[in-house]
Amino acid sequence: MSERKKLMIIDDDPDFVSGIRAILDGAGYETEVAHNPKDGFAALKARPHDLLLLDIMMGRGAEGVMMARKIRKDPALKDLPILIITGIREQIAFMFPGQAVHPSFVALNELIEKPVEPDLLLERVGALLKAAESRGQPVG
Amino acid sequence: MAGATRLLLIDDEEIVLDSCTEILRGEPYDVATAGDGTRGLERVREFRPDLVVVDLKMPGLSGLDVLERIRDADPTIVPIVITGYATVSSAVEAMKRGAYDFLPKPFTPEEFRLIVRRGAEKRALVLETQALRRERELLRDHFAAIVAHEFKAPLAAIQQNLFVLERELAAVASEDQRARLGRVKARVSDLLQLIDTWRRGSVDLEAVKARFAAVPVRVPVDKAVESLAGHAARKSVTLAAAVPDPSPVVWGDQATLTEVLVNIVGNAVKYSREGGRVSVTVTVEGDDVRIAVADSGIGIAPEDLPHIFEAFYTAQSGAAGERGSGLGLPVSRRIVEAHGGSVTVRSTPGTGSTFEITLPALGEGGPGILGRDAAPAAAAQKEGRR
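These notes cover the structure that comes with them. (Residues numbered from 1 in each chain as written. Chains lettered and ligands numbered in written order. Predicted model: local features only at pLDDT ≥ 70, side-chain atom pairs only at ≥ 80, totals over all residues. Heavy atoms only, no water.)

### Some thoughts on the overall build of chain B
Piece 1. Across its full length, chain B carries 12 helices and 13 strands.
Piece 2. Taken across its 386 residues, chain B has 46% of its residues classed as buried.
Piece 3. Looking at chain B alone, contacts between residues at least 24 apart form 68% of all its contacts between residues at least 6 apart. (Helix = DSSP H or I, 4+ residues; strand = E, 2+ residues; numbered from the N terminus. Buried < 20%, exposed > 50% of the residue type's maximum accessible area, 1.4 Å probe, protein only. Contact = heavy atoms within 4.5 Å.)

Written out as structure tokens, the structure is:
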């Protein structure tokens, strides 16, 4: 890595976030955290990021899905790679385990289930960053 | 209520319509009028009023008939009747037929304003009650999902931090400490799985049946194998699936069929010894699709065998002290039976077990066969119904 990749984490559970943040920080990534979609979106607009790790169930419902849709519509953010980390396996992960999430649902890059083994997390983050780099676009 | 209260006046006397409209001028009402019952009912559909004030005595469709039809169209609309001659009996009859209140002619502007205001308040309460009832139903329908999420979120946070601790302490912890951490992780993982199983057990199978579609068997098999690959790898268990190409197709629900396979294949991995082998083999026999899940594990004792599909029955401990929740198999059997299929088991203690799921194959006069690329559900449905 020529320079440290900047990852945004949006998740309303601070304890869970500290668990994944320690893994990502330990692997040399620069991480930024927001605990709600509103702050997260503002941070994404304010500074460039290379990847978003996004929780689904926030607030009163699946606010993560709304957030992902909003990002995909935003001209500056639409190409930002999104890794969904969710606890709601039965509704979502079962439909799309470990595969690119269905385009009719929302164009996400990848979905993994909470809790996530450190190696799996790093592998998926690394692969998404590499894929974004090979597309050669300036992201964030 | 958003915006002004919508009020519809139905009366054959134009003077009444005009004066009532005039009385309410400057107040927060959106007023519409109709000169007879038939026209009035049309206006109910177009205007979607909150309140209807209807004269009982009209030529054509009577006020009482109008009342009844309004109640059929939308029981939340608040009806108020105007009684031409103030007989108690006509007012009582109207109230019986669902009128909220009645206004005897002649009435003063103040009386009219008051009764309309009370009707608007009633309408607001009716709508609020309806919204609360809807919320309660939503909560009831999604209760299991909500509870599962609330239980799982803290456990996921705990487990995530245990993963980190294990990594950070790897170099400094004693073997004993590492083993202890491993056990804690395993227990949290069991609990997370138990919540998933409970959640699946509370699935409303009638609702699931309503969304049945053609499912290529390959899809749930692949998903189950993929989701269990990590567990198998950690135990050095070889996990292999063989599905005919093109895949046989069944009529069912992909998500719950995947759950069945995750349960049964997951059990096979769980009760396998280190280095064992689990195979998932799909075959077509006559009009049936058979999915055989075979392991070379510890097997099931003959005395346990008749009970393993009963809720909360757990057989003796598996390899490495693994235990089941006693929910996975009963839930799986319920799901398979909802698909018109069955689950059977053969087992030899010490040698292994084979679970066989039989599902009716989709298609006329034989097994439904789907093209090579089995992934898109829409394509599967089209093919399967042909």
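### Overview of the sheet that holds strand β10 (residues 288–295) of chain B
Residue and element names in this part refer to chain B.
Piece 1. Pairing in this open sheet of five strands is mixed, and the strands run β7-β9-β10-β12-β11 from one edge to the other. At either end of the open sheet lies a strand with only one pairing partner, and these are β7 (238–242) and β11 (342–348). The sheet shows a mean angle of 15° between the axes of neighbouring strands, direction not considered.
Piece 2. Sitting on the sheet, helix α11 (residues 328–338) is in contact with β11 and β12 (352–360), with an inclination near 25° to β12. (Pairing = 2+ DSSP bridges. Axes fitted to C-alpha atoms, helices over the stretch in contact; angles between N-to-C directions.)

### Thoughts on the pairing of strand β8 (residues 248–252) of chain B
All names here are of chain B.
Piece 1. Burial of β8 is extensive: four of the five residues sit out of reach of the surface.
Piece 2. Bridge count for strand β6 (residues 213–216) against β8 is four bridges, and the pairing is antiparallel. Within β8, the residue paired with A214 across the bridge is W251.

### Section: the packing of aromatic side chains
Two numbers describe a pair of aromatic rings. These are the distance of the centres and the angle of the planes.
Piece 1. Tallied over the entire structure, the rule returns two aromatic pairs over all chains.
Piece 2. Ring centres of F107 of chain B and F112 of chain B lie 5.6 Å apart, and the angle between their planes is 20°; this geometry places the pair in the stacked category. Pair check on accessibility: F107 of chain B and F112 of chain B agree, each one buried.
Piece 3. Seen from their ring centres, F309 of chain B and F355 of chain B are 6.3 Å apart, and the 75° between their planes marks the pair as edge-to-face. Here F309 of chain B is found in the loop between β10 and α11, whereas its partner F355 of chain B is found in strand β12, with 46 residues between them in sequence.
Piece 4. By relative accessible area, which is 12% here, F309 of chain B ends up buried.
Piece 5. Take F355 of chain B: its relative accessible area is 6%, and that puts it in the buried class.
Piece 6. Its guanidinium or amino end placed over the ring of F41 of chain A, K70 of chain A lies 4.1 Å from that ring's centre, counting from NZ or CZ.
Piece 7. Sitting over the face of the ring of F16 of chain A, K114 of chain A holds its NZ or CZ atom 4.4 Å from the ring centroid. (Phe/Tyr/Trp six-rings, centres within 6.5 Å; stacked < 30°, edge-to-face > 60°. Lys NZ or Arg CZ within 6 Å of the ring centre and 35° of its normal.)

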